[in-house]
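Structural characterization, general
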Amino acid sequence: MQSPDVQTSKTPAKTILKETTTDTSSLTNGNHINGNSDTDSETSTQVEDQINGGGLALDKYPVDNEGLFNGLASVKDEGLFNGHAPVSSNGVVNAQTPVNDNGSDYWWRTSGTDLSRMLQEADCPEEAQRQFLDFYRETLCPLLGGRPEKDSLPAAVGWDGNPFEYSFEFKGSTKNPGVRFVLDLSELRPADKEYPLSIANSENVLQTLAKRSPMFDDTWHRALERWFVYSNSSSRKQQALVRQVGYQTPTILGFDINAKLLKLAPGMLPVMAKSYFPPCFVAADRGFGRFQALSLGIRQMPDIGSHPNILLALKTIEDFVQDNPKYEECGRGMATDFVKPGLARLKVYMRYWGNSFEEMWDYYTLGGRIPDLDDDKEKLRDLINMARGRDYPVNKLRAETPDEQRRRRMFGSKPTSMYFSLSPDKPYPIPKLYFYPAFQAPNDEAIAQGLDAWLRKYEWYDGGKTVEERTKNVFTYRRLDEKPGIFTFIGIGRKEDSNTGGLSLQVYVTPELYESPRH
């Protein structure tokens, strides 16, 4: 997701890049839904093991690493039923009604095909594919509005303004990766100019999930919504906040597709959800710094004192920011799971605008406050170098046209992000780093091949298709060696669903539907 703020970033090639982008993230109060699942306690215990893991697509950004690139750019960047969803053998969804490119059929034909192919590439069981795709077609596609037009307002997720970011997640293995996506359901096509911070579309989705998603509980979502969201404010106030902050996406929803849920919670959707909130609107309204807005957002939650480990982990981040005040304005977002308190996590997102790997490492470890991370350091450094095309054949490089250079500048506006997961069962944060290789890498092929080389070097590759093969099979509208843009953030950090440690790798991709609408 894109976000508003200044970023400094180094260039991969010969050009120093500088650009402005649009962000999205704000939330609002309103239309509260009571979402209670009737899952019994035995099923709840089983499903608990399926809900902890993973990163987030919400707004992740590129990195500037000392010794990895040359040049510096300073950038101001103010800117997630009924019926069977048929899928052909090549993963293309077959709409049962005539194509209407002005509405939900467009999104079903494009993003529905992408997600269908991703699930096939992840070897997701057919029944899980069917149930998810039915939900996607019937519930989500109708809320996305019209197809992208030249005057469509940008969403908060894809670098080109499209509302999607998908991901494959690997946990020490290349077999059966997880599939996730985030979606900006803001009313942008056409835009809601009177109430730009409306959350009506998201509320429609939550009504369905409250009935059909395993263990659905919106207690913490609502507690954070009351703090971060302005959908109940007057039209004048909403418009004023949008002008001040520079974007109008009120919330983003994330979806984890997990076939195991079909056995653990029969009759329910194989989907678990997350919600994301930016600090920008409450910070602007109340005069807080962005990290302060995130910290206070947690501390104002009514039952937070019942979870001392979350407060201890939050204090760890607060102490680091106090010692490094340059990060006070680096707050980027807050997220939580739609499960009951005691199982849900809180996720704090921060930006990093520098150009030093050692600074990034200090940030990732919160100045050494998070224990047992020493083994991660060289793996993170290698991943950044390799995904940025360090070993890509020189004879495949070519000069970029002025238009291609302008396009690349958009990637330069995305700072690296840190993610700190606060869990009721750990007294310290679980970190993850997100970087954006497209700014430095020659093209998407270089990124894919770099990721595959890293997976082999660290002995994660144990069968199945490569990242390059999977990505080519999902996105068939252009070649990977044409340009960068399909790959967005690469996230790496500690597993959240294991007591054995180890790393998880999340590979984010976006369908470029504003740049290449595939009409």
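Here, the structure is the one placed above.
All figures in this text were calculated on a predicted structure; none of them were measured in a lab. (Residues numbered from 1 in each chain as written. Predicted model: local features only at pLDDT ≥ 70, side-chain atom pairs only at ≥ 80, totals over all residues. Heavy atoms only, no water.)

This part covers the packing of aromatic side chains. Under the criterion given, the structure shown has 30 aromatic pairs. Geometrically, the ring pair formed by Phe-475 and Tyr-477 is edge-to-face, given 6.3 Å between the ring centres and 90 degrees between the ring planes. Relative accessible area serves as the criterion here: at 3%, Phe-475 is assigned to the buried category. Residue class for Tyr-477 comes out partly exposed when judged on its relative accessible area of 24%. (Phe/Tyr/Trp six-rings, centres within 6.5 Å; stacked < 30°, edge-to-face > 60°. Buried < 20%, exposed > 50% of the residue type's maximum accessible area, 1.4 Å probe, protein only.)

This part covers helix α4 (residues 200-212). The α-helix winds at 3.6 residues per turn, so residues separated by three or four positions along the chain end up facing the same way. A rise of 1.5 Å per residue sets the reference length of α4, with its 13 residues, at 18 Å; its end C-alpha atoms lie 19 Å apart and thus fit the reference within 8%. Along α4, the residues classified as buried are Asn-201, Ser-202, Glu-203, Val-205, Leu-206, Thr-208, Leu-209 and Ala-210. (Helix = DSSP H or I, 4+ residues; strand = E, 2+ residues; numbered from the N terminus. Expected span 1.5 Å × (residues − 1).)

Okay, the pattern of salt bridges next. By the definition in use, this model includes 39 salt bridges. Across the pair Asp-134 and Arg-130 runs a salt bridge whose closest N-O atoms are separated by 3.1 Å. In this pair, Asp-134 and Arg-130 both sit in helix α3 (residues 126-140), 4 residues apart, roughly one turn of the helix. We classify Asp-134 as buried; its relative accessible area is 2%. Owing to a relative accessible area of 26%, Arg-130 belongs among the partly exposed residues under this scheme. Here Asp-319 and Lys-315 are joined by a salt bridge, their closest N and O atoms 2.7 Å apart. Note that Asp-319 and Lys-315 are positioned in helix α10 (residues 308-323) at a spacing of 4 residues, about one turn of the helix. Residues joined in a network through salt bridges with shared partners are Arg-407, Asp-444, Arg-478, Lys-483, Glu-512 and Glu-515. (Salt bridge = Lys/Arg side-chain N within 4 Å of Asp/Glu carboxyl O.)

A separate point is the sheet that holds strand β11 (residues 487-494). Around the barrel, 10 strands lie side by side as β3-β4-β5-β6-β7-β8-β9-β10-β11-β12; this closed barrel has antiparallel pairing. Neighbouring strand axes in the sheet, compared pairwise and without regard to direction, differ in orientation by 20 degrees on average. Pairing between strand β9 (residues 416-422) and strand β10 (residues 430-435): 5 bridges, direction antiparallel. Paired with Ser-417 across the bridge in β10 is Tyr-434. Running over the sheet, helix α11 (residues 357-364) touches β8 (346-352), β9, β10, β11 and β12 (503-509) and is turned about 15 degrees from β9. (Pairing = 2+ DSSP bridges. Axes fitted to C-alpha atoms, helices over the stretch in contact; angles between N-to-C directions. Contact = heavy atoms within 4.5 Å.)

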